[in-house]
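Chains, contacts and geometry: an overview
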Amino acid sequence: MKKLFVFILLAALVICLTACPAKQTANSASDYEYVKGKGEIIIGYTVYAPMNFTDDNGVFTGFDTELAIAVCSKLQIKPNFVEINWDTKEVELNAKTIDCIWNGLTITPARQETMAITNPYIQNAQVVVVKSDAAYSGTASLIGKTVCAEAGSAGEESIEGDENLLQAHYVAKEVQTACLMEVAAGTADAAVLDLTLAKAMIGPGTDYANLTIVDHLDIEDYGIAFRKGSDLCDKVNGVLKDLRTDGTLPALAEKYGLDMSN
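1. What to know about the environment of Glu113
Within the element layout of this structure, Glu113 appears in helix 5 (residues 109–114). Separated by 115 residues in the primary sequence, Glu113 and Lys228 have C-alpha atoms spaced 8.1 Å apart.

Dropping the structure here:
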């Protein structure tokens, strides 16, 4: 009986010695090691000028596109840009079909609870866009009218947080540019979207010359999102700090007409 008891103890010890290291290895794995092992980082984006878009020459570019390429060069990781559905961005991030969301993502407390987000790097605001000849005297002007925003966006949150806009007929669109199309076509009275996009896409010399910004609702900051607990977030924060110091980040912001966060 004693021999059997000793044998059981020895067997348990062997199992512990073989199993425990494997568990430690799994826990010590990092997102940084994961993408380095793949040789690339999959960057989730939507078409959103001036952050990520294809120019008139067919070249994929933009502020976030150029910045991501610069950061990845410093980290010696190849960037792989993949267009995503903005409404399911966190699902794709956690499923590892993408490794980060780098596309003018607004930093909010709710998002910080579920994702690792970098320090702010660009400042933005939510704005109300209407036709140039529309009568507008504040959000109360839109009570009972049709207002659109991108589903799951900061613009949608601004509508939900405004007592006047809550009394409008809200239409959710898949992308912000579709909201501009609705207003230009007259099928919506107003759109609530990012100032960065609105500045790049409406007004004289653009496809939406008959649209104008009439109100600023919420001031906000952009960040780059990674999986919760990801060490890639700290790595990118470090590179962003360096690019700010050496002038690369300010130069890109000036090139695309953006305001840097403090």
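Here the narrative resumes.
2. Regarding the nonpolar core
Soluble globular proteins tend to bury their nonpolar side chains together. Residues Ile41, Phe63, Leu67, Val71, Trp102, Leu193 and Phe226 are the most contacted members of the largest nonpolar core, which totals 51 residues. Not counting chain neighbours up to four residues away, the residues in contact with Ile41 comprise Val35, Cys72, Ile77, Lys78, Pro79, Asn80, Asp99, Cys100, Phe226 and Leu232.

3. Details of the packing of aromatic side chains
On inspection of all chains with the given rule, the structure shows five aromatic pairs. Judged by centre distance (6.1 Å) and plane angle (10 degrees), the ring pair of Phe63 and Tyr121 falls under stacked. Residue Phe63 is found in helix 3 (residues 63–75), and its partner Tyr121 is found in the loop between strand 6 (115–117) and strand 7 (122–131); the two are separated by 58 residues along the sequence. Among the residues examined, Phe63 registers a relative accessible area of 0% and is labelled buried. For Tyr121, a relative accessible area of 1% translates into the label buried. Between Phe63 and Tyr256, the aromatic rings sit 6.4 Å apart at their centres with planes inclined by 80 degrees, giving edge-to-face as the arrangement. Taken together, the residues Phe63 in helix 3 and Tyr256 in the loop between helix 10 (248–255) and strand 12 (259–260) connect sequence positions 193 residues apart. Relative accessible area serves as the criterion here: at 16%, Tyr256 is assigned to the buried category. Site record: aromatic cluster; members linked through ring pairs are Tyr45, Phe60 and Phe81. Just above the ring of Tyr34 sits the side chain of Lys96; from NZ or CZ to the centre is 4.1 Å.

4. Considering the pairing of strand 1 (residues 40–45)
Counting buried positions over the six residues of strand 1 gives five, a clear majority of the element. Note: strand 1 against strand 4 (residues 78–83), six bridges, orientation parallel. Opposite Ile42, over in strand 4, you have Asn80 as the bridge partner. Sheet analysis places strand 1 next to strand 5 (residues 100–106), joined by two bridges and oriented parallel. Across the sheet, Gly44 pairs through a bridge with Ile101, a residue of strand 5.

5. Focus: the pattern of salt bridges
Per the counting criterion, the structure on display carries five salt bridges. Across the pair Asp99 and Arg227 runs a salt bridge whose closest N-O atoms are separated by 2.9 Å. Note that Asp99 is positioned in the loop between helix 4 (89–94) and strand 5 and Arg227 in strand 11 (residues 211–227), a separation of 128 residues in sequence. Given a relative accessible area of 8%, Arg227 falls into the buried group. Shared partners join several salt bridges into a network, and the residues in it are Asp31, Lys38, Asp99 and Arg227.

6. Thoughts on the packing of helix 9 (residues 232–245) against helix 10
In contact at an axis separation of 4 Å, helix 9 and helix 10 are set at 75 degrees when each is read in the N-to-C sense. Relative to helix 10, the element helix 9 lies roughly perpendicular. Where helix 9 abuts helix 10, its residues Leu240, Leu243 and Arg244 lie against Thr248, Leu249 and Pro250.

7. Regarding the side chain of Ser230
Turning to its location among the elements, Ser230 is positioned in the loop between strand 11 and helix 9. You can call Ser230 buried: its relative accessible area is 8%. What Ser230 contacts, discounting residues up to four positions off in sequence, is Asp31 and Ala116.

8. Considerations on the packing of helix 3 against helix 10
Between two packed helices, the angle of one axis relative to the other and the distance separating the axes together describe the packing. Close contact between helix 3 and helix 10 brings their axes to 10 Å; oriented N to C, the two are set at 160 degrees. Taken together, helix 3 and helix 10 sit at an angle that is classed as roughly antiparallel. Like other packed secondary-structure pairs, helix 3 and helix 10 cross with a definite hand, here right-handed. Where helix 3 approaches helix 10, its residues Phe63, Glu66 and Leu67 are matched on the opposing element by Leu249, Leu252, Ala253 and Lys255.

9. Concerning the confidence of the model for the protein chain
Summary statistics for the protein chain give a mean pLDDT of 90 and a share of 89% for residues scoring 70 or more. Segment residues 1–28: pLDDT under 50, and two contacts once partners within four positions in sequence are set aside and those in other chains are kept.

10. Some remarks on helix 3
Here helix 3 spans 18 Å end to end across 13 residues, near enough to the 18 Å set by a 1.5 Å rise per residue. The positive-phi residue at the C-terminal boundary of helix 3 is Gln76, with phi of around 60 degrees.

Quick notes on the rules
Residues numbered from 1 in each chain as written. Predicted model: local features only at pLDDT ≥ 70, side-chain atom pairs only at ≥ 80, totals over all residues. Heavy atoms only, no water. Helix = DSSP H or I, 4+ residues; strand = E, 2+ residues; numbered from the N terminus. Core = buried A, V, L, I, M, F, W, Y, C linked by side-chain atoms within 4.5 Å. Buried < 20%, exposed > 50% of the residue type's maximum accessible area, 1.4 Å probe, protein only. Contact = heavy atoms within 4.5 Å. Phe/Tyr/Trp six-rings, centres within 6.5 Å; stacked < 30°, edge-to-face > 60°. Lys NZ or Arg CZ within 6 Å of the ring centre and 35° of its normal. Pairing = 2+ DSSP bridges. Salt bridge = Lys/Arg side-chain N within 4 Å of Asp/Glu carboxyl O. Axes fitted to C-alpha atoms, helices over the stretch in contact; angles between N-to-C directions. Parallel < 35°, antiparallel > 145°, perpendicular 65-115°, else oblique. Left-handed = near helix turned anticlockwise from the far one by under 90°. pLDDT = per-residue confidence, 0-100. Expected span 1.5 Å × (residues − 1).

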